[in-house]
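Examining the three-dimensional arrangement
So you can see what is in the structure, the chains are spelled out below.
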Amino acid sequence: MDTTDESARGERKVFIKTYGCQMNVYDSQRMGDALERDGYRQTEVIEDADLVLLNTCHIREKAAEKIYSELGRIRVLKSERAAVGRELRVGVTGCVAQAEGAEIIERAPVVDLVIGPQTYHRLPDALKRVARGERVVETDYAVEDKFDHLPASARSAIARRGVTAFLTVQEGCDKFCTFCVVPYTRGSEVSRPYSAVMDEARRLAEAGVREVTLLGQNVNAWAGTDASGRPIGLAGLLRELAAVPGLARLRYTTSHPRDMDDDLIAAHGDLRALMPYLHLPVQSGSDPILKAMNRRHKAADYLALLDRIRAARPDIALSGDFIVGFPGETDADFEATLDLVRTVRYAAAYTFKYSPRPGTPGATMDGHVPEDVKTERLERLQALIREQQVAFQESFVGRDTEVLIEKPGRHPGQMIGRSPFLLPVVVPSSAGEVGDIVTVRISETRPNSLMAAGAEPAVMAAGAEPVVSAPAASEPQLRKIA
Ligand code: 5AD
Ligand code: SF4
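The rules behind the values
Residues numbered from 1 in each chain as written. Chains lettered and ligands numbered in written order. Predicted model: local features only at pLDDT ≥ 70, side-chain atom pairs only at ≥ 80, totals over all residues. Heavy atoms only, no water. Domains from an automatic or database assignment. Contact = heavy atoms within 4.5 Å. Buried area = accessible area lost by both parts, 1.4 Å probe. Buried < 20%, exposed > 50% of the residue type's maximum accessible area, 1.4 Å probe, protein only. Helix = DSSP H or I, 4+ residues; strand = E, 2+ residues; numbered from the N terminus. Pairing = 2+ DSSP bridges. Salt bridge = Lys/Arg side-chain N within 4 Å of Asp/Glu carboxyl O.

**Regarding the domain arrangement of the protein**
Along its sequence, the protein is organised into domain 1 (6–138), domain 2 (153–249 + 258–269), domain 3 (276–391) and domain 4 (396–482). A straight line from the C-alpha centre of domain 1 to that of domain 2 covers 27 Å. If you look at the interface, domain 1 gives 19 residues, while domain 2 gives 21 residues. The largest contributions to the domain 1 side of the interface with domain 2 come from M23, Y26 and D33, which together make up 35% of the buried area.

If you want it as structure tokens, here you go:
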């Protein structure tokens, strides 16, 4: 039992702000659950908090810089607190913590603790050390598995988060794309054991979760052994998860083209629970740029792979990530990317200007592209993708689609859910309840969402736009930058 003065003071509150990808969302949930067992209640109001955690992203420069400006604002809050004799503890977790470690403590005196993504199970202990007056930096790669040391999420916490859930099954990356910090911040590829994944999935299902998205930086590199000791890959894991009572829908993200094996492609054809949506980043359509990026495949290999996936599941919706302005990218290289996008026809895609990251090979390559050229290329690529996204959405008008209802809509009489293709759909509340999978007829499209017949005019305020938590056009599926 914690005997610091804080626990004697009664209930404490933690405010967790999450930046970046879904894995950070998942990590924040696990940290929140672990702290809850230690007497912290989560709050959405930073001013109420006794502990503020920034769970950070290092993928691009802008994402990392945001942290320091946020810490500036928190410094003001902390001194206001100190003036009235109350304490505010501040922690930085996630990938900036991993990459910059002790530097954060030096640059931002407001910070009490810095904890990398591999060590957040040590958070309760680190807080005790902070209470004794230490400033804590924990950024080593723990020898123990953090998941083994974290308490399982309480049923109430799972239920509070709704009928869809993330489940990290794989972490880290051995691919070393020359633009990317992930191999340095998240370490080498590690798969969570089969039994741990299955236990967590069963707990999620028992608490009412209907749809699980398996997460990993290279999720399709997942490898393990099933209950009888047979080696299996992600396809085998998905097949086992599909049999968990209550779980109706499965997704996974993010995948590398080189790890899409035959079994996984086949699963898209024959596993009903596996949703027909695949996020498969290619980054560029130009072979010289793909080589410089160390992607280890050519544009034609990617297109051939998509042909095989589409042969298994003809209606699959595809999304990808693209970087424009990688060092050395010429107009012709960029045109090759546009050509690839025209060939593929994406349902969605996430586009970024190349951002040099310290310590990655790309940062010191020759031929950096001027910012205005990057901006112009980004706009052209986004316009093309937007056209494809609109065409994809419009293809559903007049057709029936299945929707997993997730939550009440913004307007009375509406609920919001998602189609198998990950598109948010506004449905009339009469269609069903949260957790139901219902079939509705799509009547029209809205920016980033579909409207089911009966959800619009009659029940909506005139001219009102439904507000849904759809990803914006430029946000990646795994590393969604806040
Ligand atoms: N600059 C721009 N975009 C990047 N990404 C990763 N690193 C960088 C970088 N240095 C993009 C890639 C990746 C997505 C999550 O973020 O497209 O797939
Ligand atoms: Fe690994 Fe993906 Fe980063 Fe490449 S882009 S190094 S595959 S995390």
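**Description of the pairing of strand 18 (residues 414–418)**
Here strand 18 lies mainly inside the structure; 5 of its 5 residues are buried. Examined bridge by bridge, strand 17 (residues 400–408) and strand 18 share 4 bridges and lie antiparallel to one another. Counterpart to K407 in the pairing with strand 18 is I416. Connecting strand 17 to the antiparallel partner strand 18 that follows it, the hairpin turn spans 5 residues, and G413 within it adopts a positive phi of roughly 85°. Between strand 18 and the antiparallel strand that follows it, strand 19 (residues 424–428), lie 5 residues; L422 among them carries a positive phi value of about 75°.

**Observations regarding the pattern of salt bridges**
Taken as a whole and judged by the stated rule, the model has 37 salt bridges. E200 is the partner of R30 in a salt bridge, and the nearest nitrogen-oxygen pair spans 3.2 Å. Linking R30 in helix 2 (residues 22–37) with E200 in helix 10 (residues 194–206), this pair joins segments that are 170 residues apart in sequence. Taken as a pair, R30 and E200 share a single burial class, namely buried. E70 serves as the salt-bridge partner of R73, at 2.7 Å between the closest nitrogen and oxygen. Of the two residues, R73 and E70 both sit in helix 3 (residues 61–83), 3 residues apart, roughly one turn of that helix. A residue is classified by how much of its surface remains accessible, and E70, at 8% relative accessible area, is buried.

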